[in-house]
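Understanding the architecture of this molecule
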Amino acid sequence: MNDEAGLATVLLAMFAGAIRVSTPFLFVSLGETLTEKSGRINLGLEGTLVFGAMSGYAISYHTGSPWFGVLVAGLGGTVFGAIHGYLCKLPRVNDIAIGIALMLFGTGIAFFFGKAYIQPQAPRLPSISFGFWAENPSVRQALEINPLFLIGLFLAIFLWWGLKNTRWGLVVRTTGDSAPAALALGIDVDRVRLLSTMAGGFFAGVGGSFLSLYYPGSWTEGLSSGQGLMAVALVIFARWNPLYCFAAALLFGAAGALGPALQSIGISRGYHFFNAAPYIMTLLIMIASVSPKRSLKGAPGELSITK
Amino acid sequence: MAVLQSRPEGARRAIGLETIGMTKAFGPLVALDDVSIRVRPGSFHALLGENGAGKSTLVKCVMGFYQPTSGSALVNDREVSIPNPKAAHALGIGMVYQHFTLVPSLTAAENLVISRADTPAVIDWAKERKALEAFLETTPFKVPLDMPVSGLSAGEKQKLEILKQLYLDQSFLILDEPTSVLTPDEADEVLGLLRGMTEAGELTILMITHKFREVTAYADEVTVLRRGRMVGSGKVSDLSIDDMSRMMIGDTAIRESAARKAHSGEPLKLEIAGLFADDDEELPALEAVNLKVRCGEILGIAGVSGNGQSELIQVLSGQRLPSDGRIFIDGKPYEPERKLMDSFKVFGFSEEPLRNAAVPRMSVAENMAFRTFDKVPISPFRGWLSPSPMLKKARDLIAAYRVKTPSTEEPIENLSGGNVQRAILAREISGEVEVLIVANPCFGLDFASVAEIRAQIMDQRNRGAAVLLVSEDLDEILELADTVAVMSEGRITYTSPMDRTDRATIGHAMAGHH
């Protein structure tokens, strides 16, 4: 009986965690999906995420409007995307090297400007209560959902639909799959990639603002702990499909909530081990989903890792 | 149909094209020298010439990819300027490239819709489908619309490329070697349908080719280019194949193909037994392939590309693990490892050597030493290289195989295609060869190199080597092979001694009619 209650608590906590923790994963992986669909890899999204967290928090603190902070975080991400997109179109520039450089640049500059914001409290994003019907307080708490999560869900659906049913969707896929074909159609390949990388940066910046403005909800230097990088790995796992990105982000969120959930029912042994669950899962998924004999299915043909 | 409505009714009529004194220089290199051709409306015109003769440069000038250094283009007798490909499209000139320009992960329908200039921001697929089906009714070509292009056969892709141009309402089509990836039957079907459309006055066609058979069977007129100059043109009916080939090759000395030495009762050398392998998608690529090659025999494997030939070559050369099956040489089990290749004297070379058999940025000498660098004299002690024997050997080979290179130290990627292939050939067949595995050895080379390489293969056969030749060029198989085997969908579907079969029978087997 006690065991069952414990299990229910853990599952509920993981469910709540999936919703709470998944949002940054979701935004970054959607942004990366869009960028990779256009044929570039932006490894710099970790830096964009951290910078988004810092700038969103700072703007929210100064203006008192967390939503304005989210917007500025997104715009900051757009600038990072533009830098990446511009540098990568120069001859003999490798997108992976630029991505790593921008990742370090983004985190560095965020730490530099962020020193002043570690102490002060900024207004946080509100959440919507979907749990008003429930008796159980922990269910009610689990159903406190941030609007950004819902926006991310709609964004995933919109991207999935848009890649198939709109002109820009077909243009992005064409550019990502075969640059010669795109050129033959008169598509400006560099411009499409620049815009896709900028849009991807915007999403990643918004994802970062969620970290500092909602959960965990304050600006610290260890805030991201590599979530931006894992979200890039998640895109491969999700086979470049926005809907799978959503599912994968939930899965990662749930895995991330495993440690705290176990602790809440008194299992504290192996706390740090369970906290590492998302990272272990990343490794296991990568091992399970790749094969030396097979090329990645669904990978855009122009990506520098598949070429 | 949005596309067709944008032009007046009856606008889909063949147009004529003319170039006057077209010249294109890239720095000091004159790729195209004062070329004037005239393609009448509604005609099927062939542009003949070997690799590097300037055919592509000419059509790229016409398509607006290049700006000619001098000269002009006329459409329907009016001078036009073609600053970019868009301008060419606006004039109704479309091109079907040798390499497909379709987007592999998009479906045929998506490829067609995105190719349009006026693709709507949000695509109403129900409406587009109806329009596409109505359009397909008006053409003789049929292609499945809902499959990703990567899943289509080469013939279907080629038809889709042509359909795309028709869908864009182009009435002058330039086809660049349109049949190089098709079976003879597919080629006949596609060219026959296009021929029908020119006869109906709907289309004018300019086809780049080097196959005389296609010129004589389908073209009305022909223009021949050699080294950037126009060396002849006229009605196909007035010219013999001999005339055309003399125009094309000029007085370049072509090595006579070596005489085939008669062998009889030679022992079995190479045996492939029940070979299975998967492709990169983990789908079966080879299924129960059994082949036997005797000493002094060339076994030619014909087939349309993508039917498992490249996987077979990869397995034989150690680039891919078979999932089942064995390889035997002289009745002993053989694995494609460096040591066993060496002791059984297995060598080979293939198309695009810069991708498959050479390290592009290493020097010619280093590339030529790949088989011998770990042996005496180049490596006198274990692990140590001695450069002077390596250079000496490279110099000898360069002289013996007439490789044109500035020095032994030149990165091999700077050599011309024919010279890279000669350098690799020198490496592979200068020693004692008992088994030779060759894949599309002459792909993309000029006549002189082709003749040289084929003669060398024949020499090896005459000296008693067992030769396995995979080729997508049926003429090459017909010229070289003693025995022909046809590969279709990963299986050997037909085998016959060469003297008991013919082009048509092999062609049918390639198309899967067996």
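Rules behind the numbers
- Residues numbered from 1 in each chain as written.
- Chains lettered and ligands numbered in written order.
- Predicted model: local features only at pLDDT ≥ 70, side-chain atom pairs only at ≥ 80, totals over all residues.
- Heavy atoms only, no water.
- Helix = DSSP H or I, 4+ residues; strand = E, 2+ residues; numbered from the N terminus.
- Buried < 20%, exposed > 50% of the residue type's maximum accessible area, 1.4 Å probe, protein only.
- Contact = heavy atoms within 4.5 Å.
- Salt bridge = Lys/Arg side-chain N within 4 Å of Asp/Glu carboxyl O.
- Core = buried A, V, L, I, M, F, W, Y, C linked by side-chain atoms within 4.5 Å.
- Pairing = 2+ DSSP bridges.
- Axes fitted to C-alpha atoms, helices over the stretch in contact; angles between N-to-C directions.
- Domains from an automatic or database assignment.
- Buried area = accessible area lost by both parts, 1.4 Å probe.
- Polar contact = N/O pair within 3.5 Å; in protein donor to acceptor, adjacent residues only side chain to side chain.
- Nonpolar A, V, L, I, M, F, W, Y, C, P; charged D, E, K, R; others polar.

Residues and elements named next belong to chain B. Among the structural elements, L480 can be located in helix 17 (residues 474-480). Look at L480 and you get buried, because its relative accessible area is 1%. In the structure, L480 is positioned 183 residues away from E297 in sequence and 9.8 Å away in space, judged by C-alpha atoms. For L480, the contacting residues outside a window of four places in its chain are R260, I298, R454, I457, M458 and L469.

Glancing now at the pattern of salt bridges. All names here are of chain B. For the coordinates displayed, the defined rule picks out 34 salt bridges over all chains. Salt-bridge contacts for R260 lead to D482; the nearest nitrogen and oxygen are separated by 2.7 Å. Here R260, found in the loop between helix 9 (241-249) and strand 11 (268-278), pairs with D482, found in the loop between helix 17 and strand 19 (483-488); they are 222 residues apart in sequence, far enough to count as distant. Given the relative accessible area of 36%, R260 is considered partly exposed. One network of salt bridges, with partners in common, ties together R454, D473, E476 and E479.

Ranked by size, the top nonpolar core spans 122 residues in total, and within it W219 of chain A together with L160, I162, L194 and V222 of chain B carry the most contacts. Looking at which element gives the most residues to this core, the answer is helix 1 (residues 2-37) of chain A, with 11 residues. Leave out the neighbours within four places in its chain, and V222 of chain B touches H45, A46, L48, V215, G232, S233, G234, V236, L239 and M244 of chain B. Residues V364, V450, V486 and I506 of chain B belong to the second largest nonpolar core, which totals 46 residues.

Moving on: the sheet that holds strand 3 (residues 44-48) of chain B. Residue and element names in this part refer to chain B. Strand order in the open sheet formed by six strands is 6-7-8-3-9-10, with mixed pairing between adjacent strands. Here the strands that pair on one side only, and so sit at the sheet edges, are strand 6 (93-96) and strand 10 (229-235). The sheet shows a mean angle of 15° between the axes of neighbouring strands, direction not considered. Of the pairings in the sheet, the one linking strand 9 (residues 221-226) to strand 10 comprises six bridges and is antiparallel in character. Its bridge partner lying in strand 10, E221 is registered against K235. Each of strand 6 and strand 7 (172-176) is contacted by helix 6 (residues 154-167), which is oriented at about 170° to strand 6, the strand it contacts most.

This part covers the domain arrangement of chain B. All names here are of chain B. Here chain B is partitioned into domain 1 (17-249) and domain 2 (285-510). Put simply, the middle of domain 1 and the middle of domain 2, counted by C-alpha atoms, are 33 Å apart. At the interface, 10 residues of domain 1 touch 10 residues of domain 2. Summed over both sides, the interface of domain 1 with domain 2 buries roughly 950 Å², with 63% coming from carbon and sulfur. Sorting the residues of domain 1 by area buried against domain 2 places E50, N51 and P184 first, and these three jointly supply 38% of that buried surface. Summed over the shared surface of domain 1 and domain 2, the result is zero salt bridges. Counting the contacts that link domain 1 with domain 2 gives zero residue pairs in polar contact (both at pLDDT 80 or more). Broken down by secondary-structure element, the contributors of at least two residues to the side of domain 1 that touches domain 2 are helix 7 (184-199) and helix 9. Each residue belonging to the side of domain 1 that touches domain 2 can be placed in one class, and the counts come to five nonpolar, two polar and three charged.

Across the eight residues of helix 4 (residues 108-115) of chain B, eight count as buried, placing the element largely inside the fold. Restricting attention to buried positions, one finds in helix 4 of chain B the residues A108, A109, E110, N111, L112, V113, I114 and S115 of chain B. Looking at the buried positions of helix 4 of chain B, the neighbouring elements they touch are helix 6 (147-165) and helix 7 (167-177) of chain A together with helix 5 (125-137) and helix 6 of chain B.

Our focus in this paragraph is the side chain of H84 of chain A. All names here are of chain A. Note that H84 resides in helix 3 (residues 66-89). Its relative accessible area of 0% is what places H84 among the buried residues. Non-local contacts of H84, meaning those with residues more than four positions away in its chain, are made with R40, I41, N42, D95, I98, G99, L102 and T197.

Residue and element names in this part refer to chain B. Pairing within the open sheet is mixed, and its six strands lie in the order 16-17-18-13-19-20. Where the open sheet ends on each side, the last strands, each with one partner, are strand 16 (346-350) and strand 20 (491-497). Along the sheet, successive strands turn relative to each other by an average axial angle of 15°, direction set aside. Looking at chain direction, strand 16 and strand 17 (residues 435-439) are connected through five bridges and run parallel. Paired with V346 across the two strands is V435, which belongs to strand 17. Most of the contacts of helix 16 (residues 447-462) go to strand 13 (residues 298-302), to which it runs at about 135°, and overall it touches strand 13, strand 16, strand 17 and strand 18 (466-470).

Attention now goes to unusual backbone geometry. P216 of chain A follows Y215 of chain A through a cis peptide bond whose omega is 0°. For the bond running from V376 of chain B to P377 of chain B, omega is 5°, close enough to zero to count as cis. Tracing the backbone shows P377 of chain B in the loop between helix 13 (364-368) and helix 14 (387-400). A positive phi is found at W240 of chain A, a non-glycine position, where the angle reads about 60°. Among the secondary structure elements, W240 of chain A is positioned in the loop between helix 10 (227-237) and helix 11 (242-256). For W240 of chain A, a relative accessible area of 2% gives the class buried.

Time to look at the interface of chain A and chain B. Accessible area lost on assembly of the parts is the figure often given for the size of an interface. At the interface, 19 residues of chain A touch 20 residues of chain B. For the pair chain A and chain B, the summed buried surface comes to about 1,900 Å²; carbon and sulfur atoms form 56% of the total. Counting every contact that joins chain A to chain B gives one salt bridge. A salt bridge links E110 of chain B to R173 of chain A, with the shortest nitrogen-to-oxygen separation between them at 3.1 Å. Taken together, the connections running from chain A to chain B amount to seven residue pairs in polar contact (both at pLDDT 80 or more).

Let us look at the side chain of T48 of chain A. Mapped onto the elements, T48 of chain A comes out in helix 2 (residues 45-63). Setting aside chain neighbours within four positions, we find T48 of chain A in contact with G77, F80, G201, A204 and G205 of chain A.

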